[in-house]
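Commentary on secondary and tertiary structure
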Amino acid sequence: MIPVGYFFSLSIVLFVLGIIGFFVKRDLITMFMAVEVMLNAANLAFIALAKAAGSPAGQVIVFFVITVAAAEAAVGLAIILLVFRQKKSIKAEDMRLMKG
Amino acid sequence: MGIFLFFLLAILCVGGVLGMILSKNQAHNALFLVFAFACLGGLFGLLDAPFIAAVQIIIYAGAIMVLFIFVIMMVNLEQGISPEKKKWTLGLSAVLAVFLLVELGLAVRGMLGSLGRTGGPSIGSPTELGRLLFTDYLYPFEITSVLIIAALVGAIVLVKKKEKE
């Protein structure tokens, strides 16, 4: 019998860790992984609230989030590969075409 | 027993994400993340969602992270990523993170206690989820399939090398 609030707090911690990872890491692939961590934190919050509300609808939403995350990963990684082919680098500092 | 399992999985999960943030090697990052997602799958199981737990482990820890590892293999930077010279971005992100954590904590402070506890009637059986997916959520389900086709075609068109004429 675990309080559902514990799960919710864990999801907040995971989301903040994902944000830290996104800002601290310098390569595109790991920044992308940090985005996945944030998505998973949101999933955990959804499932915790589904349990609190006693309704499986929240779990269906998580199902959709996972599907969209898979599509996002496929397109995002394709873009990262393209960037690597053009610049021979995946460091975020090297993407400064718009900075002039 | 349940609460012990929760803290074990939560600490392992946060540890995996911290390992991802601290480690310099991208392949290790991906493996840390697989570990964290597997622990998260266990937490979903604790929250009465066995089907989502299985999907999490098969799709996230399996398919998506394998995709990441393939891309890491293709990109293959031998010299690794040099550490960032500007240290102020690190401090700034730490300040931002603390602010965000406090803000989120304040936002949910009042409702955390009223969420109840796990246990009670089971809600996440695969039967129930399947029935919801094909009745109430039929349109989102179909739109998702269109989205996946679009992502598939988009990824192939993006990465395909142009033929030399």
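Note that the coordinates shown come from a computational prediction; the quantities given were computed from them, not determined experimentally.

Considering the overall build of chain A
- Looking only at helices and strands, chain A features 3 helices and 0 strands.
- Listing each helix as α and each strand as β along chain A from the N terminus yields α-α-α.
- A compact globule built from 100 residues would reach a C-alpha radius of gyration of about 13 Å, whereas chain A, at 17 Å, exceeds it by more than 25%.
- For chain A, the C-alpha atoms occupy an extent of roughly 55 × 25 × 20 Å along the three principal directions.
- Counting only residues that meet the buried cut, chain A has 59% of its 100 residues in that class.
- The contacts of chain A with a sequence gap of at least 6 include a subset with a gap of at least 24, amounting to 59%.
- For chain A, the exposed area adds up to about 3800 Å²; of that, 72% sits on carbon and sulfur atoms.
- For chain A, the distance from the average position of its 9 positive side-chain charges to the average position of its 5 negative side-chain charges is 4 Å.

Observations regarding the domain arrangement of chain B
- If you check the domain split of chain B, you get domain 1 (1-77) and domain 2 (126-165).
- The gap between the C-alpha centroids of domain 1 of chain B and domain 2 of chain B is 23 Å.

Comments concerning the side chain of S23 of chain B
- For S23 of chain B, the position within the fold is in the loop between helix 1 (2-22) and helix 2 (26-46).
- Within the local environment of S23 of chain B, its side chain forms a polar contact with the backbone nitrogen of N25 of chain B, the two atoms lying 3.3 Å apart.
- One polar contact links S23 of chain B to N29 of chain B, side chain to side chain, over a distance of 3.3 Å.
- Ignoring sequence-local partners within four residues, the contact set of S23 of chain B consists of K25 of chain A together with H28, N29 and F32 of chain B.

Considerations on the interface of chain A and chain B
- With 70 residues of chain A in contact, the opposing surface of chain B contributes 75 residues.
- Of the roughly 6900 Å² buried where chain A meets chain B, counting both sides, 82% is carbon and sulfur surface.
- Linking chain A with chain B are 1 salt bridge, by the criterion used here.
- The salt bridge involving D48 of chain B is made with K51 of chain A; its shortest N-O contact spans 2.8 Å.
- One can count 9 residue pairs in polar contact (both at pLDDT 80 or more) joining chain A with chain B.
- Breaking the side of chain A that touches chain B down by element, the ones donating at least two residues are helix 1 (4-24), helix 2 (28-53) and helix 3 (57-87) of chain A.
- Here the side of chain A that touches chain B takes 23 residues from helix 3 of chain A, the largest share from any one element.

Reading the values: rules and limits
- Residues numbered from 1 in each chain as written.
- Chains lettered and ligands numbered in written order.
- Predicted model: local features only at pLDDT ≥ 70, side-chain atom pairs only at ≥ 80, totals over all residues.
- Heavy atoms only, no water.
- Helix = DSSP H or I, 4+ residues; strand = E, 2+ residues; numbered from the N terminus.
- Rg over C-alpha atoms; globule rule 2.2 N^0.38 Å.
- Buried < 20%, exposed > 50% of the residue type's maximum accessible area, 1.4 Å probe, protein only.
- Contact = heavy atoms within 4.5 Å.
- Areas by Shrake-Rupley, 256 points an atom, 1.4 Å probe, with all protein chains shown as cover.
- Lys, Arg positive; Asp, Glu negative; His and termini not counted.
- Charge placed at Lys NZ, Arg CZ, Asp CG, Glu CD.
- Domains from an automatic or database assignment.
- Polar contact = N/O pair within 3.5 Å; in protein donor to acceptor, adjacent residues only side chain to side chain.
- Buried area = accessible area lost by both parts, 1.4 Å probe.
- Salt bridge = Lys/Arg side-chain N within 4 Å of Asp/Glu carboxyl O.

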